[in-house]
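Residue-level structural notes
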Amino acid sequence: LSTFSFLCSSPVPHPSSGGSEGIFRKDRDLSSRHYRPVHSLPDVCPKEPTGEAARVLCEGPSVVADQHRWTVYNSKVNLPAALNDPRLAKRESDFFTKTWGLDFAETEVMPSFYLPNITKEHFGPYLQETAQREKIHERCKSICSNKDELDAVSSITNNHDKSRTELEQVPKIFMKPDFALDDPTTFHAVLPWSHFNSAGGKSSRDMASSRLLQEKLSHYLDVVEVSIARQISLRSEAFFHAMSSQHELQDRLTETTRAVAVLRGRAAAIERIMCEGPLRALRQALTRSNCARLHNKLKLMAAVHQSQPTVQLLLSTSEFVGALELIATTKEVLQLELQGIHSFRHLGSQLCEMEKLIDKMMVGDFSMYSRSDLNRSLEDDGQVMEKDRLESLVFGLLRQRKLDFLDIYSDEMILAAKSIVTQSVVDSVSQIEEIDTDIVTKLADQMRLMTFPQWFELLKSVFENFILFLKRIKVTLSVVRNVVLEALDSNQKSRLLERAAAGGLTEAPGTPLNQEEAELAYLTHEGLFISDALNDAQLHLGASTGQEQSSTVGPRQALSRMDGCGSDSASGTTESSTSREHAFQPGGAAISEDLMPSDLELGRVANNIQELLYTASDVSHDRCVKVLMARAKDGSLERLSSAEFVFLSQAVEGFVRDTEKLCCRRSVSLRGALQSQANRFVHRFHEERKTKLSLLLDNERWKQAEVPAEFQDLVNSIADGRITLPERKPQGTEERKPSDYLHIDGQKYAVVGTVLLLIRIFLEYCQCVNDIPSISTDILTRLSDLLKHFNSRSCQLVLGAGALQVVGLKTITTKNLALASRCLQLVVHYIPVIRAHFETKLAPKQYSVLRHFDHITKDYNDHIAEISAKLMAIMDSLFEKVLSKYEVKAPMPSACFRNVCKQMAKMHEALYDLLPEEQAQMLFLRINASFKMHLKRQLARLGVHHDGGPQHGLVTVDVAFYTENVQSLRALEKLDLNMAEIWEQKR
């Protein structure tokens with residue numbers, strides 16, 4: 001940078017106007033130019049300063065004056081360590097001149113943004129102007145050379161060439177960086193032992209060789225030492241310079257140490273003369289302030305010390321609220337002003353334990369009150385028992401945030417409801433002589449031994465008792481709600497007064513503080529002087545400061561009145577509504593906002609009170625359900641007559657209506673119990689018939705059954721639109737013979753006995769819907785389940801061959817399959833009839849359940865299609881087996897075609913009497929298509945073509961025989977077999 005500065009500050013010479021020889025001169029007019037002075041590089045080891053400079057240097061930097069700027073005391077690196085850095089191969093030449101930075105570490109110097117980037121192009125004009133002068137100078141140098149310089153140069157060159165020549169005599173192996181004699185190769189190259197190890201031992205020649213080797217190595221050593229000495233002599237000046245610099249540094253460090261000692265002495269004198277006295281005065285003032293604070297703390301500790309006996313005295317008179325307020329005040333004082341006092345280290349935990357004890361006492365007292373109130377005689381008047389006691393307990397529980405006290409009342413309410421039912425049953429049983437309570441001890445068994453009129457009177461008595469029970473609960477809960485609402489209103493008023501007080505303080509900021517307020521303001525600003533606290537309080541009076549002072553004043557004033565509280569409690573008076581109202585007053589010391597529940601919590605308690613009344617209604621209904629279900633356990637309610645069931649329903653509806661009016665709650669458990677009884681009837685009805693159907697299917701042998709005349713009459717009545725069970729005919733009527741088929745709408749149905757009974761069963765379901773329309777949806781669902789069960793079980797027995805194991809059939813024949821298909825078709829025929837009947841019993845919004853019949857119809861049709869596919873599969877496997885052995889050769893017709901026609905005749909014989917003519921024709925058309933496919937495949941494999949040849953003629957004879965036999969079967973005379981399709985079409 002200094003070099004660049006010199007270049008920039010030196011003016012560029014310009015050729016003079018009068019010189020023709022190209023001689024350049026500098027301009028002499030320097031008045032308009034301002035150049036920076038040239039700064040020489042600092043000396044590595046400057047000379048010892050003298051005079052005033054030496055005195056300033058000895059004094060060194062001032063610790064006090066120079067504390068905010070960098071001095072030598074902020075140095076972070078040891079200079080000898082930086083000089084002797086082992087990581088550097090050689091020392092830098094600019095060690096003392098380059099910029100190191102504050103941390104004295106290797107850092108890259110960023111180029112200055114204020115200096116231009118100088119390149120070779122900047123010197124172009126100067127080089128062009130000085131080129132002629134440089135040529136003249138070079139020419140003069142070549143003509144007049146300096147003899148001394150030539151001698152010095154020649155001497156240096158000769159010495160350098162001589163040194164290099166001598167070093168070249170040393171073998172290259174010694175100059176390698178990895179030279180090591182422990183390497184065998186290197187060792188043998190340096191000491192060739194092969195010259196010394198002769199077979200005859202040591203000889204004069206070996207001795208001469210070893211002496212020659214020793215001299216050679218010594219010569220190499222001398223050459224290297226001479227070269228090293230020459231290099232050291234060339235750099236001796238730098239070594240001596242470094243040593244002298246080190247000594248100078250040591251001298252300067254000694255002077256610095258001496259300056260530091262002088263500075264420390266001066267600092268000690270300043271501390272002794274100027275600091276000790278003022279600090280002693282400040283310390284004494286602080287001590288006085290601490291003593292005053294200690295005196296105040298001791299007075300406060302004396303007041304706190306009396307809190308525990310006073311709390312115990314209040315508890316002895318059951319004044320829970322007063323004891324809780326005193327405990328809260330004491331805990332607040334301990335936390336804010338007496339925190340860390342060793343003698344009170346256990347007082348906080350003791351107060352907490354006492355508070356927990358008070359909580360338990362209040363909870364126990366409330367539980368006892370609830371139990372005595374709910375279990376007293378229902379004949380008493382509807383007034384609240386000990387209203388003042390209840391209000392005091394509720395307020396204390398709210399004060400302690402025991403907001404779950406309603407759960408206690410709920411538990412007691414449930415137990416009281418149980419006792420009401422028990423007492424009602426005992427009173428009723430005591431009036432019935434037929435029931436021996438010594439033998440029958442359980443209440444449920446006693447109720448089941450009653451006749452229905454006796455049990456019905458018991459149920460009405462239970463209903464009346466529960467109405468009185470709910471009225472009592474409602475009156476008690478209204479008192480509790482009033483207390484909660486009063487607390488909520490008190491919270492709102494206290495907030496309004498605090499806002500008004502804060503506004504008043506803001507309007508009068510200059511009001512002076514009295515002595516008590518000044519003391520409290522000082523306590524608020526703990527840790528400061530009293531004057532500072534007072535000034536700060538006067539300057540910053542506002543809403544937030546007023547709240548803080550009011551929260552601090554409360555505990556101290558309460559503790560100052562502690563003795564009076566104790567004397568009042570000793571009088572033995574209990575809490576009254578007047579004292580409770582005083583506790584609710586905003587601004588009093590009894591309550592603060594952080595102790596009472598918030599508005600949100602009080603609102604939740606009020607909502608829970610209403611929910612508790614709803615719970616009482618639900619509990620009453622649940623206990624009545626117990627009475628109802630105890631009677632229905634043996635199924636007696638399912639065997640009631642319609643008139644008795646109507647009486648029961650009216651009584652239940654009346655009780656439900658009264659409780660809904662009283663509690664504003666529509667409980668559904670009792671109504672649901674009645675509905676569940678109806679559902680149980682439906683369930684038993686369905687299970688009996690499903691079990692019966694399962695037994696019939698498991699014993700069915702899937703043979704055609706005769707149809708009794710009564711079943712024919714049954715289906716005829718269904719066809720006439722009477723979907724009911726027919727009345728039983730007297731036994732004297734004439735008996736008619738059964739028929740082989742069931743005739744419906746002009747069709748004959750060959751059926752099994754199970755299907756006949758299935759028709760009667762679903763008519764029983766329809767009759768049940770006619771009698772009890774309210775359970776139509778349930779009956780429809782159960783009937784759907786029954787039809788699905790018949791479909792799935794018949795599929796398992798016939799298609800799944802389950803009848804082989806269940807009934808013991810040897811095989812599932814085609815006749816069994818056709819008979820099962822016909823039975824399924826009969827059920828499918830009646831499904832629309834059943835659907836139309838149920839549709840008349842359902843409300844329009846319940847029509848969605850009718851979709852079950854659509855799913856059932858689809859399942860039945862799929863089952864019928866699977867049976868048809870099974871019949872096809874039987875014949876298809878037969879054709880594949882028989883036609884795979886077919887050969888076109890005489891005699892005709894062939895045995896293969898005779899066998900096919902025989903099997904077709906058997907199939908027709910099994911199906912003709914079971915299936916309608918149309919279904920039989922469709923089935924045989926599909927069988928014929930399968931036969932043509934397998935025959936066509938076999939002919940293609942045999943290479944028989946429609947070419948009029950001998951083989952074609954033989955096949956034509958077989959096909960004619962097959963066509964004649966199939967069309968000779970009944971109902972298949974006009975069947976178009978289209979046997980021309982067996983031949984490959986020519987392309």
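If you're wondering where the values come from, they're calculated on a predicted model, not measured in any experiment.

Here we come to the packing of helix α25 (residues 753–771) against helix α28 (residues 814–839). Between α25 and α28, the least distance of the axes is 11 Å, while the angle of their chain directions is 5 degrees. As far as their axial angle goes, α28 and α25 are roughly parallel. Mapping the contact onto sequence places Val 755, Leu 758, Ile 759, Phe 762, Cys 766, Val 769 and Asn 770 in α25 and Cys 823, Leu 826, Val 827, Tyr 830, Ile 834, His 837 and Phe 838 in α28. Within the contact of α25 with α28, the residues separate by chemical class into 12 nonpolar, 2 polar and no charged.

A separate point is a nonpolar patch on the surface. A grouping of Phe 123, Tyr 126 and Leu 127 is seen on the molecular surface, where their side chains present a nonpolar patch of about 260 Å² in accessible area. Here Leu 127 is to be found in helix α4 (residues 124–143). The class for Leu 127 is partly exposed, based on a relative accessible area of 45%.

With that settled, the discussion passes to unusual backbone geometry. Cis rather than trans, the peptide bond between Ala 890 and Pro 891 has omega equal to 0 degrees. Counting through the fold element by element, Pro 891 comes out in the loop between α29 (851–883) and α30 (895–912). Here Trp 702, not a glycine, exhibits a phi torsion of approximately 55 degrees, which is positive. One can find Trp 702 in the loop between α23 (669–698) and α24 (709–719). With phi around 60 degrees, Ala 801 is a residue other than glycine that occupies positive phi space. Given a relative accessible area of 23%, Ala 801 falls into the partly exposed group.

Let us look at the packing of aromatic side chains. Here the structure, examined in full by the defined rule, presents 14 aromatic pairs. Ring centres of Phe 463 and Phe 655 lie 4.4 Å apart, and the angle between their planes is 10 degrees; this geometry places the pair in the stacked category. Note that Phe 463 is positioned in helix α15 (residues 452–507) and Phe 655 in helix α22 (residues 642–663), a separation of 192 residues in sequence. For Phe 463, a relative accessible area of 6% puts it in the buried group. In this structure Phe 655 comes out as buried when scored by relative accessible area, which is 3%. Here Phe 838 and Phe 853 contribute two aromatic rings whose centre-to-centre distance is 6.2 Å and whose plane-to-plane angle is 45 degrees, an arrangement assigned as tilted. You can see Phe 838 sitting in helix α28 and its partner Phe 853 sitting in helix α29, a full 15 residues away along the chain. In terms of burial, Phe 838 and Phe 853 fall into one category: buried. One aromatic cluster is present, formed by Phe 879, Tyr 886, Phe 897, Phe 931 and Tyr 962 through successive ring pairs. Above the ring of Tyr 741, the side-chain terminus of Lys 748 is found at 4.6 Å from the ring centroid.

Further remarks concern the environment of Lys 788. Among the secondary structure elements, Lys 788 is positioned in helix α26 (residues 776–797). Sequence separation between Lys 788 and His 852 is 64 residues; the distance between their C-alpha atoms is 10.0 Å.

On inspection of all chains with the given rule, the structure shows 21 salt bridges. A salt bridge links Glu 255 to Arg 258; the shortest N-O distance between them is 2.8 Å. Here the residue Glu 255 and the residue Arg 258 both occupy positions in helix α8 (residues 236–305), the gap between them amounting to 3 residues, near one helical turn. Accessibility expressed as a relative area gives 30% for Glu 255, which makes it partly exposed. Among the ionic pairs, Arg 666 bridges to Glu 660, the shortest N-O distance being 3.6 Å. Judged by its relative accessible area of 28%, Glu 660 is partly exposed. Residues joined by salt bridges that share partners form a network here, namely Glu 688, Arg 689 and Glu 764.

Parameters and conventions
- Residues numbered from 1 in each chain as written.
- Predicted model: local features only at pLDDT ≥ 70, side-chain atom pairs only at ≥ 80, totals over all residues.
- Heavy atoms only, no water.
- Axes fitted to C-alpha atoms, helices over the stretch in contact; angles between N-to-C directions.
- Helix = DSSP H or I, 4+ residues; strand = E, 2+ residues; numbered from the N terminus.
- Parallel < 35°, antiparallel > 145°, perpendicular 65-115°, else oblique.
- Contact = heavy atoms within 4.5 Å.
- Nonpolar A, V, L, I, M, F, W, Y, C, P; charged D, E, K, R; others polar.
- Patch = residues over 30% accessible without salt bridge, like charges linked within 9 Å, V, L, I, M, F, W, Y side chains within 5 Å.
- Areas by Shrake-Rupley, 256 points an atom, 1.4 Å probe, with all protein chains shown as cover.
- Salt bridge = Lys/Arg side-chain N within 4 Å of Asp/Glu carboxyl O.
- Buried < 20%, exposed > 50% of the residue type's maximum accessible area, 1.4 Å probe, protein only.
- Phe/Tyr/Trp six-rings, centres within 6.5 Å; stacked < 30°, edge-to-face > 60°.
- Lys NZ or Arg CZ within 6 Å of the ring centre and 35° of its normal.

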